[in-house]
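Chain and residue survey
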Amino acid sequence: MSSDATTATTLPASPELDGVEQEAVAHGLGSSLPPADARAKTEGTFPYASDLWAEGLLWAALLRSPHPHARIVSIDTTAAADMPGVRAVVTHADVPGEATYGRRVADRPVFASELVRHHGEAIAAVAADHPDTARLAAAAIAVEYEVLEPVTDPEKAFAAEPLHPDGNLIRHIPLRFGDAEAAGETVVEGLYRIGRQDPAPIGAEAGLAVPRPDGGVEIYTASTDPHTDRDLAAACFGLSPDQVKVVVTGVPGATGDREDPGFQIPLGLLALRTGCPVKLAATREESFLGHAHRHPTLLRYRHHADAEGRLVKVEAQILLDAGAYADASSESLAAAVAFACGPYVVPHAFIEGWAVRTNNPPSGHVRGEGAMQVCAAYEAQMDKLALKLGLDPAELRLRNVLATGDILPTGQTVTCPAPVAELLSAVRDFPLPALPLDSPEEDWLLPGGPEGAGEPGAVRRGVGYALGMVHMLGAEGADEVSTATVRVQDGVATVICSAVDTGSGFSTLARQIVQETLGLEEVHVASVDTDQPPAGPATHGRHTWVSGGAVERAAKMVRTQLLQPLAHKFGMSTELLQITDGKITSYDGVLSTTVTEAMDGKELWATAQCRPHPTEPLDESGQGDAFVGLAFCAIRAVVDVDIELGAIRVVEMAVAQDVGRVLNPAQLATRIEAGVTQGVGAALTENLRTARGLIRHPDLTGYALPTSLDAPDIRIVKLVEERDVVAPFGAKPASAVPVVTAPAAVASAVRAATGRPVNRLPIRAQAAVGVPNS
């Protein structure tokens, strides 16, 4: 597929659902091969984790703290244990192994023992023969609390009493780049606040734990990193990792929310205690209380520019609210600090970043973490500079954009393709949408819809721009490696790789890679469990690069095994043979046979690993080659704002993205559209509100997700296919960077429509009322 301008609606459509016979179904890289599970998910027969069942099943329920901060005086489980049908009650005293866990820092208790540090923290778990019995028993556990004053303001966490033995400060990064005395002729400042976005998974967390005869346990759940989950659970169970097996089942899509093993460990403990299979299906409220959210962030910025609008220096302070435990806060802070200046050339940068513990809900990995928050702030600063200098906002940005060979404020040289100017020019030059007609038939086009719309004369249209960037794979020395096996027998290939497809399309990509390499149409991807070698977490586009690279290497090894005997027989090299549509032919036409005939009943297989080049941690000045690669995006947002009511309608989002190479056009379009829509939610509606640490309305009524009626017209106007030479296939991750960029673009458009500063996400109605600069 070319990188010429196109729209989401004109990208090649997916073929019919899997299972319907077609004479010529495109396959291999570059085709819109549909997911193998598309029919099952469409028809509602796909087995999600909440659908699991086992003979002799018990049901689990968790007791969670009603307080954000309290000392536990006593826990009495007698009434719960005596209830008919209750088979087990476990608390902190019943954890046989490690009492705490954590993917990066083991600071989170399986069950609170002395202190409760956030609303909804797990206190105890119950297993019973009926889900209602389990819930009633959990409610019957008597806990005496000494309620303590919660620390909910991250700025006050520095001076507050330690909330954790490790203290309140998780990490501080002071980035120093250039001359501290440098100054520009024009200076703009701003204070920005980013709210707490929830991943809001379509299906709440669920799982099944089954005890094994050897004293171990198997856990069936929608994990995104099964090997890490296994190791954490085994440590808490007091077992060796080979006694615990995690089987990935029914992942309904994830943007980071599947990473918390906090419900898997109690589930396994109950199965080990009772000797029976135990199932836990979280309610929507429990899901909001338990899993991690996007870091609420406070940002202070000062930009210096010369008279022509070229950036001279950026100064910033970034404060991430980690909630009660560390989780991914260190990595999120590194991304926020490193990308605090955005995809712009900045000769001098001085950034202070902190991540602190509070008694607020836990924060962790959510798509685009760290980068999204700073994008909203630095793009607001660019709008302020443009206004002060009297420049067009797009032109100001074009004067400062990053390109390949430039240096980041971390001192790292941008070696990957960085077509930022090309992306911005594409969205700037794309035709603007038409204005709606002022007629009753078009009321639905007004902000607020037909029931909540105001007068058409109060509607102002605004156009705004934003440029975003994310890093690929892990960072700061993370050992990125994945292993894959490809087996071929009777003309059918099977891929074995523990990379979890969370909606990223990895399973489809793996099939396409093998189709491309071996010329076979029928390719199956095995289900994932921890008996397979580890592939790592499903974050930062890892599996497209690392796991896809491992699959490609294994497939090429099988190809060599297949072709070498034939090449030797005919006295030619394997490079002179090609495989297409299950047939092997030579360059001169002398050899022509099928893959099945060439294999002659043999089974061929190969296992390979992929490990990208290493990175390094940021040093004490925030310097270092911390990232494997970068991806970029430009978005132009068009919004209509009712300046009397403060209602906002996103009319259109024009997107240009640096994708490296299009591997599956239909899947890529879907990923970009989903990322933009998630970003629109962060800009306008999504905010998990708290009051003194208590989550208000932990449900999908109180937490306003964008619906299909809220989704804007998304135009994919350009896909730049400049391949990254160090990445397998040259591809870049697709979904995180539009999430990062979209909120800033919407905020920029609202500023243009209203003339008011927008310094908070999601945007409040009062921020869009009135046009003081008109």
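For the structure given in this document, a descriptive report is provided here.

1. A few points about the layout of surface pockets
Roughly 790 Å³ of internal volume is contained in the second largest pocket. In this structure, the second largest pocket is lined by 30 residues; those nearest its centre are Gly195, Arg196, Asn687, Thr690 and Arg760. Sorting the residues of the lining of the second largest pocket by element identifies β10 (186–194), β15 (297–305), β16 (311–321), β28 (690–691) and β31 (760–761) as the ones contributing at least two each. A class-by-class count of the residues in the lining of the second largest pocket yields twelve nonpolar, nine polar and nine charged.

2. Quick look at the nonpolar core
Within the largest apolar cluster, 107 residues are counted, with the highest numbers of intra-cluster contacts made by Tyr301 and Met653. By size, the runner-up hydrophobic cluster in this structure holds 47 residues, among which are Leu577, Leu604, Ala606 and Ala731.

3. Some remarks on the pairing of strand β20 (residues 492–496)
Taking every second residue as pointing to the same face, the buried face of β20 carries Ala493 and Val495, while none of Val492, Thr494 and Ile496 on the other face is buried. As judged from the five bridges shared by strand β19 (residues 482–489) and β20, these two strands associate in the antiparallel manner. Of the residues in β20, the one forming a bridge with valine 488 is alanine 493. The antiparallel pairing of β19 with β20 creates a hairpin that spans two residues between the two strands, and aspartate 490 there sits at a positive phi of about 55 degrees. Note: β20 against strand β21 (residues 523–525), three bridges, orientation parallel. Residue pairing in the sheet places alanine 493 in a bridge with valine 523 of β21.

4. A short note on unusual backbone geometry
Residue proline 762 is bonded to the preceding leucine 761 through a cis peptide linkage, with omega at -5 degrees. Within the secondary structure layout, proline 762 lies in the segment after β31. Even without glycine at this site, aspartate 490 takes up a positive phi of about 55 degrees. The topology assignment puts aspartate 490 in the loop between β19 and β20.

5. What to know about the sheet that holds strand β30 (residues 713–720)
Strands sit in the order β18-β26-β27-β30 across an open sheet of four strands; the sheet is mixed. In this open sheet, the two edge strands, each paired with only one partner strand, are β18 (459–475) and β30. Ignoring which end each strand starts from, the neighbouring axes of this sheet average 20 degrees apart. Sitting on the sheet, helix α15 (residues 665–684) touches β26 (627–642), β27 (648–658) and β30, and the angle it makes with β27 is about 135 degrees. Against the sheet, helix α16 (residues 736–754) makes contact with β18, β26 and β27, and its axis sits at roughly 155 degrees relative to β18, the strand it touches most.

About the thresholds
Residues numbered from 1 in each chain as written. Predicted model: local features only at pLDDT ≥ 70, side-chain atom pairs only at ≥ 80, totals over all residues. Heavy atoms only, no water. 1 Å grid on protein atoms, 1.4 Å probe; cavity = no way out; pocket = protein on both sides within 12 Å on 5 of 7 lines; lining within 4 Å. Points joined across faces, edges and corners; volume = space filled by probe spheres on them. Helix = DSSP H or I, 4+ residues; strand = E, 2+ residues; numbered from the N terminus. Nonpolar A, V, L, I, M, F, W, Y, C, P; charged D, E, K, R; others polar. Core = buried A, V, L, I, M, F, W, Y, C linked by side-chain atoms within 4.5 Å. Buried < 20%, exposed > 50% of the residue type's maximum accessible area, 1.4 Å probe, protein only. Pairing = 2+ DSSP bridges. Axes fitted to C-alpha atoms, helices over the stretch in contact; angles between N-to-C directions. Contact = heavy atoms within 4.5 Å.

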